[in-house]
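Residues per chain are reported as follows:
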Amino acid sequence: MRAVAAFVFLASAGLLTAGLVGAGASSSPPADVASSADVEKGREIYERCGACHSLERDRVGPRHCGLFGRRAGSVPGFVYSDAMRESRLFWGRKTLDRFLTNPLAVVPGTFMGYAGIPDPKEREQLLDYLDVATRGEQCDAAAGSAAKTDGDGRGRRGDVRD
Ligand code: HEC
């Protein structure tokens, strides 16, 4: 019985897909799904960060592996500004988008000497890339659990999350 239901489901999904392809809808993915072209563009934009950051290693700036969901200023052993440690930000798409628009305005006193990315489309592409890269294989192979810290993991009043 289950197998039959699964077959019917697959068959109708197949028809649906065929219908969409027929209508030409498959050529434009939904706006909220990152295309590989956006991720690729984001990888190029990330090169601007490469003077100070890498995915797996702390450099002038902290490593980016495990960034999403992490409390700002929480990579163990990296010396952050007080401003960053006390910002109460948790990194997600919205907080990163705001921070990267104008780092000094969002975290006054940050050590990150970078003017920001004013173009919203470029920020979106950069975040599409970071979303994939900071959870990717390159990060699994890296410093392991240390790269995935979210500080003490406990929420506090006044935390700013996505
Ligand atoms: C000139 C060096 C420099 C450049 C260029 C730079 N950063 Fe940073 N970044 C830093 C430093 C230093 C910090 C630590 C800031 C602090 O403690 O206030 C930081 C912190 C961060 C943080 C917070 C990380 C955390 O663990 O809380 C994020 C996110 C970030 N940078 C993203 C970026 C991105 C994305 C780019 C490129 C668009 C970039 N940075 C370019 C130096 C830089």
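This is a predicted model, so every value here is computed, not measured.

S.K.: Is there a simple way to explain the environment of P108 in this structure?
M.R.: Tracing the sequence through the fold places P108 in the loop between α5 (103-106) and α6 (120-133). You can call P108 exposed: its relative accessible area is 57%. Each C-alpha atom, one on P108 and one on S87, is 9.1 Å from the other, the two residues being 21 residues apart in sequence.

S.K.: Is there a simple way to explain the coordination of the iron atom of the ligand in this structure?
M.R.: Ideal donor angles around a metal are set by the shape: a four-donor tetrahedron calls for 109.5 degrees, a six-donor octahedron for 90 or 180 degrees. The protein atoms that coordinate the iron atom of the ligand are H53 (NE2) and M112 (SD), at distances spanning 2.0 to 2.2 Å. Of note is the iron atom of the ligand, whose six donor atoms meet at the metal with angles of 85 to 179° in an arrangement that counts as octahedral. Of this pair, H53 sits in the loop between α2 (36-46) and α3 (82-85) while M112 sits in the loop between α5 and α6, and the two are 59 residues apart along the sequence. Judged by relative accessible area, H53 falls into the buried class, the value being 11%.

S.K.: Honestly, the site of the ligand in this entry has me stumped. Any pointers?
M.R.: Surrounding the ligand, one finds 27 residues, the nearest of these being C49, C52, H53, S81 and M112. Separating a nitrogen atom of the ligand from a side-chain N or O atom of H53 is a distance of 2.8 Å. Tallying contributions element by element places helix α4 (residues 93-101) first for the shell around the ligand, with three residues. Split by residue class, the shell around the ligand holds 18 nonpolar, seven polar and two charged.

S.K.: What am I meant to see in the packing of aromatic side chains here?
M.R.: In this description, a pair of aromatic rings is defined by centroid distance and the angle of the planes. If you walk through the whole model with that rule in mind, you get three aromatic pairs. Their ring planes at 45° and their centres at 5.4 Å tell us that Y46 and Y129 sit as a pair that is tilted. Taken together, the residues Y46 in helix α2 and Y129 in helix α6 connect sequence positions 83 residues apart. Given the relative accessible area of 9%, Y46 is considered buried. An angle of 70° between the planes, with centres 4.8 Å apart, marks the rings of F78 and Y80 as edge-to-face. For F78, a relative accessible area of 16% puts it in the buried group. For Y80, a relative accessible area of 10% gives the class buried. Lying over the aromatic face of F90, R161 brings its terminal NZ or CZ to 3.7 Å of the ring centre.

S.K.: Would you explain the state of the cysteines in this entry?
M.R.: Cysteine pairs can be covalently joined through their sulfur atoms, and such a bond is termed a disulfide. If you walk through the whole model with that rule in mind, you get one disulfide. The disulfide that involves C65 links it to C139, with 2.0 Å between the sulfurs. Judged by the sign of its S-S torsion, about -85°, the cystine formed by C65 and C139 is left-handed. One end of the pair, C65, is in the loop between α2 and α3; the other, C139, is in helix α7 (residues 137-141), with 74 residues separating them in the sequence. Both residues of the pair, C65 and C139, belong to the buried class.

S.K.: I'm lost on the packing of α2 against α6 in this one. Help?
M.R.: How two helices sit against one another is set out by the angle between their axes and by the gap between those axes. One way to put it is that α2 packs onto α6 with a least axis distance of 7 Å and a crossing angle of 95°. When the axis of α2 is compared with that of α6, the two are roughly perpendicular. Contacts between α2 and α6 pair D38, V39, K41, G42, R43, I45 and Y46 from the former with K121, E122, Q125, L126, D128, Y129, L130 and V132 from the latter. Looking at the contact of α2 with α6 residue by residue, the classes come out as seven nonpolar, two polar and six charged.

S.K.: Sorry if this is basic, but what is going on with the side chain of T134 here?
M.R.: Relative to the helices and strands, T134 is located in the loop between α6 and α7. Residues contacting T134, with those up to four places away along its chain left out, are L55, H64, C65, G66, L67, F68 and C139.

Conventions we followed
- Residues numbered from 1 in each chain as written.
- Predicted model: local features only at pLDDT ≥ 70, side-chain atom pairs only at ≥ 80, totals over all residues.
- Heavy atoms only, no water.
- Helix = DSSP H or I, 4+ residues; strand = E, 2+ residues; numbered from the N terminus.
- Buried < 20%, exposed > 50% of the residue type's maximum accessible area, 1.4 Å probe, protein only.
- Donors = N, O, S within 2.8 Å, 3.2 Å for Na, K, Ca; no water.
- Tetrahedral: all angles 85-135°; square planar, octahedral: opposite > 155°, others 65-115°.
- Near = heavy atom within 4 Å.
- Polar contact = N/O pair within 3.5 Å; in protein donor to acceptor, adjacent residues only side chain to side chain.
- Nonpolar A, V, L, I, M, F, W, Y, C, P; charged D, E, K, R; others polar.
- Phe/Tyr/Trp six-rings, centres within 6.5 Å; stacked < 30°, edge-to-face > 60°.
- Lys NZ or Arg CZ within 6 Å of the ring centre and 35° of its normal.
- Disulfide = S-S within 2.5 Å.
- Axes fitted to C-alpha atoms, helices over the stretch in contact; angles between N-to-C directions.
- Parallel < 35°, antiparallel > 145°, perpendicular 65-115°, else oblique.
- Contact = heavy atoms within 4.5 Å.

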